[in-house]
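# Survey of secondary and tertiary structure
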Amino acid sequence: MRLDSSGLQVLTDEECLRLLASTPIGRIVFTDRALPAVQPVAFCLDGDGIVIRTGVGSKLAAATRRAVVAFEVDDYDPVLRTGWSVSVVGHASAITDPAETARLAELPLDPWVPGDLDHYIRVSLEQISGRRITAGHSI
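Residues numbered from 1 in each chain as written. Predicted model: local features only at pLDDT ≥ 70, side-chain atom pairs only at ≥ 80, totals over all residues. Heavy atoms only, no water.

A separate point is the pairing of strand β7 (residues 119-124). With six of six residues buried, β7 is to be regarded as a mostly interior element. Of the two faces of β7, the one holding His119, Ile121 and Val123 and the one holding Tyr120, Arg122 and Ser124 are both buried throughout. Alignment of strand β4 (residues 49-54) against β7, held across six bridges, turns out to be antiparallel. Its bridge partner lying in β7, Gly49 is registered against Ser124. Bridge count for strand β6 (residues 82-95) against β7 is four bridges, and the pairing is antiparallel. The residue of β7 that forms the bridge with Ile95 is Tyr120. (Buried < 20%, exposed > 50% of the residue type's maximum accessible area, 1.4 Å probe, protein only. Helix = DSSP H or I, 4+ residues; strand = E, 2+ residues; numbered from the N terminus. Pairing = 2+ DSSP bridges.)

Another aspect to go through is the side chain of Asp32. Residue position: Asp32 is located in strand β2 (residues 25-32). For Asp32, a relative accessible area of 15% puts it in the buried group. With near-sequence residues (within four places) excluded, Asp32 lies in contact with Ala37 and Lys59. (Contact = heavy atoms within 4.5 Å.)

Counting across every chain of the model gives eight salt bridges. Two residues, Arg33 and Asp32, come together in a salt bridge whose shortest N-O distance is 3.4 Å. The exposure class of Arg33 is exposed, given its relative accessible area of 69%. Residue Arg122 pairs with Glu100 through a salt bridge whose shortest N-O separation is 3.0 Å. Of the two residues, Arg122 sits in strand β7 while Glu100 sits in helix α3 (residues 98-104), which places them 22 residues apart along the sequence. Among the ionic contacts, a cluster of salt bridges with common partners joins Asp46, Glu100, Arg103 and Arg122. (Salt bridge = Lys/Arg side-chain N within 4 Å of Asp/Glu carboxyl O.)

Per the stated rule, a full pass over the model turns up one aromatic pair. Measuring from ring centre to ring centre gives 4.8 Å for Phe43 and Phe71, while their planes differ by 70°; the resulting arrangement is edge-to-face. With Phe43 in strand β3 (residues 35-46) and Phe71 in strand β5 (residues 68-77), this pair connects stretches of sequence that are 28 residues apart. Take Phe71: its relative accessible area is 1%, and that puts it in the buried class. (Phe/Tyr/Trp six-rings, centres within 6.5 Å; stacked < 30°, edge-to-face > 60°.)

All right, on to unusual backbone geometry then. The residue Arg33 is not glycine, and still its phi comes out positive at about 55°. Mapped onto the secondary structure, Arg33 falls in the loop between β2 and β3. Backbone geometry places Arg81, a non-glycine residue, at a positive phi of 60°. By the element assignment, Arg81 lies in the loop between β5 and β6. The partly exposed category is assigned to Arg81, whose relative accessible area is 36%.

In structure tokens:
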């Protein structure tokens with residue numbers, strides 16, 4: 001087991017992917033009017049990317065076109081004081097191919113908000129990293 005300089009366990013890429021697939025909600029970090037913005041989103045891990053469903057005219061859809069974004073998921077147990085965090089950095093791209101859009105519509109991807117959410121964004125998994133905090137480690 002490898003530890004970082006803070007004593008947190010460094011997760012392997014395989015562990016990071018398993019944890020990414022284990023939760024349906026994450027946070028995407030993008031640029032909005034030259035400032036950092038964070039938005040919670042429902043997502044699904046699909047092959048070599050993260051898929052997010054949104055409205056075609058949404059701020060998220062506009063801000064992530066061909067942009068480099070970050071994505072993060074985590075879990076923490078306050079009683080046991082254990083948890084993990086996984087971060088991804090990659091390019092976001094709109095999915096425009098009708099066949100691919102139809103395939104993505106079949107994914108278990110349930111957005112939080114109502115409305116016409118027929119726009120899909122894929123975030124490539126270019127950089128992935130994760131850490132685990134174990135019992136007895138103070139944060």
